[in-house]
Amino acid sequence: MIKLFDYQRKSIDDAYFNSITNNHHGNTILDFDMGYGKTVCALAYHQKYFRDKQILVIAPASVRDAKVWQKEFERFIGEGEIKVESYAKLAQLKDTKNTFIIFDECHALKNPVSGRSKIAQKIAQEPTNRFVGLSGTTHPNGWYDIAGYFVLFGISKNKTEFYRHYVEQRPARYGKFMEIVGYKRIPQLKKEWRGISIRRDLEGVRELPEQIFYNVFCETKADPRASDGELRKQFGISFENIPQKMAYLTENAVQDAEKQLLALLEQGQDMVIFYRINAELEKIKATIKKYNPKAKIAFVNGKQHDNTDGANYVVAQYTAGSQGLNLQEFRYTVFFAPTYSWQDYVQAVARTYRTGQTEKTVFYRFYGGIYDDIWAAIEQKQDFNFRAFLATKG
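In every chain, residue numbers begin from 1 and rise along the written sequence. pLDDT decides what is reported in this predicted model: residues at 70 or higher carry local features, side-chain atom pairs at 80 or more are listed and counted, and totals for whole chains, interfaces and linings draw on all residues regardless. Side-chain calculation: all heavy atoms of the structure are included, whereas hydrogens and water are not.

Colleague: Outline the overall build of the chain, supporting the account with residue identities and numerical values.
Modeller: The helix and strand tally for the chain stands at 16 helices and 14 strands. Throughout, radius of gyration means the C-alpha value; the globule benchmark is 2.2 Å times the number of residues raised to the power 0.38. Relative to the compact-globule value of 21 Å for 394 residues, the chain shows a C-alpha radius of gyration of 22 Å, a close match. Dimensions of the chain, computed from C-alpha atoms along their principal axes, come out at roughly 65 × 55 × 40 Å. Contacts between residues were defined by any pair of non-hydrogen atoms, one from each residue, lying within 4.5 Å. For the chain, restricting intrachain contacts to residue pairs at least 6 apart in sequence, the fraction spanning at least 24 positions comes to 70%. Secondary structure elements are defined from DSSP: runs of H or I of at least 4 residues count as helices, runs of E of at least 2 residues count as strands, and each element is numbered from the N terminus.

So this is what it looks like as structure tokens:
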């Protein structure tokens, strides 16, 4: 039997009881905080309640390629087989039967009309299958995020039925579409959600080592509060639209990030380094090469998912590397640039700060230019909205 902490053992028992009493046959969502131990809890859930079924894990490609699940399966179970595929391969699995499916980072299925969601719905609703969804950020944007889960569990037939039953809409002031203005039947909405999911927070259940955050202040290059005329005069550039201005200000926020990163590398610690766009990746690669040309680097992004075992540095793009990876062997994390998404930031922190971590974890966040405003939004647990920023800052 898999060894669990008491709080983990109680959580999976509660999840099973909750699912059975709400007629979901053991299917459930483990809406557990990042670092709670969702992987081991899912494996233990299978071993205790559905051991007769083979295991199929559907995960982000970066998690599949890093063999996270295979390592944990070998560590905690050791016998039998586990199959791991990415969400991109779902179409090849549409005829899956008599299987226990783990939808890792199941918020990938929030949109019920996407191709991957429709196939997942077919697999999940096959009578011989059982499934569990794992996520620490199931619906960060509000109740409309749970439409995909309601269809997955068969509570709503489709997105249209979910919206008709639970969502208040009206014609948008601009554009030919409907905008959400509120929700209806909220008590029933919450009751149904509690019937398919169980929420657990990490805080208070287990003492984790200390977290230390350092803000690294870089020299500002492009002042985000400067007018278009001032930026044109200083840099000889004009903007045709808001997205172009946003791209310029973020790509040119600071001018000595490489120097600051080099200073951190010279401390001699292995590190996880998060970035947002390819231009930042090239700067990181050049800086690491300058410090140590022989360093072993694992890259995790939309095109490359290296094995992180034995790496000196894991260089990860937020959109690919912030989800699912267990990097608790690293104590130091650098945010070379901020992400606009609070959800991606929380996920990124949880790659090293999670159950099983025994050492204090240190995080470095680069500040300067518009980075200051992006971090300010993240600190408020909000996504950064550039249009709103322009409206308030002028």
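Colleague: Describe the packing of aromatic side chains, with residues and values.
Modeller: The rule is short: rings of Phe, Tyr and Trp, with Trp giving its six-membered ring, pair when the centres are within 6.5 Å, and they are stacked under 30 degrees, edge-to-face over 60, tilted in between. Per the stated rule, a full pass over the model turns up 35 aromatic pairs. When the ring of Tyr16 is compared with that of Phe50, the centres are 6.2 Å apart and the planes differ by 65°; the resulting orientation is edge-to-face. Of the two residues, Tyr16 sits in helix α1 (residues 6-21) while Phe50 sits in the loop between α2 (38-49) and β2 (54-59), which places them 34 residues apart along the sequence. Each residue's exposure class comes from its accessible area (1.4 Å probe, protein chains only) as a fraction of the maximum for that residue type: buried when under 20%, exposed when over 50%, partly exposed otherwise. Tyr16 sits in the partly exposed class, given a relative accessible area of 25%. Relative to Phe100, the ring of Tyr45 lies with its centre 6.2 Å away and its plane at 35°, an arrangement referred to as tilted. In this pair, Tyr45 sits in helix α2 while Phe100 sits in strand β4 (residues 99-104), placing the two residues 55 residues apart along the sequence. Both residues of the pair, Tyr45 and Phe100, belong to the buried class. These aromatic residues form a ring-pair network of at least three members: Phe213, Phe217, Phe274, Tyr318, Phe335, Tyr345, Phe363, Tyr367 and Trp375. Whether a charge lies above a ring is judged from NZ of Lys or CZ of Arg, which has to be within 6 Å of the ring centre and within 35 degrees of the ring normal. When the ring centre of Trp375 is taken as origin, the NZ or CZ atom of Arg365, which lies over that ring, is 5.4 Å away.

Colleague: Any chance you could break down empty space enclosed by the protein for me, citing the residues and the numbers?
Modeller: Points on a 1 Å grid, built from protein atoms alone, make a cavity when a 1.4 Å probe fits but cannot get out and make a pocket when they are open with protein on both sides within 12 Å along at least 5 of 7 lines; residues with an atom within 4 Å of a point are the lining residues. Grid points are joined across faces, edges and corners, and a volume is the space filled by probe spheres set on the points. Taken as a whole, this structure holds one cavity of 30 Å³ or more when the rule is applied. Its volume calculated, the largest cavity comes out at about 60 Å³. For the largest cavity, the full set of lining residues is Thr250, Glu251, Asn252, Ala253, Val254, Ala257, Glu280, Lys283, Phe336 and Tyr371. For the lining of the largest cavity, the secondary structure elements donating two or more residues are α10 (242-251) and α12 (278-291). Within the lining of the largest cavity, the residues separate by chemical class into five nonpolar, two polar and three charged. Classes in brief: Ala, Val, Leu, Ile, Met, Phe, Trp, Tyr, Cys and Pro nonpolar; Asp, Glu, Lys and Arg charged; the others, Gly included, polar.

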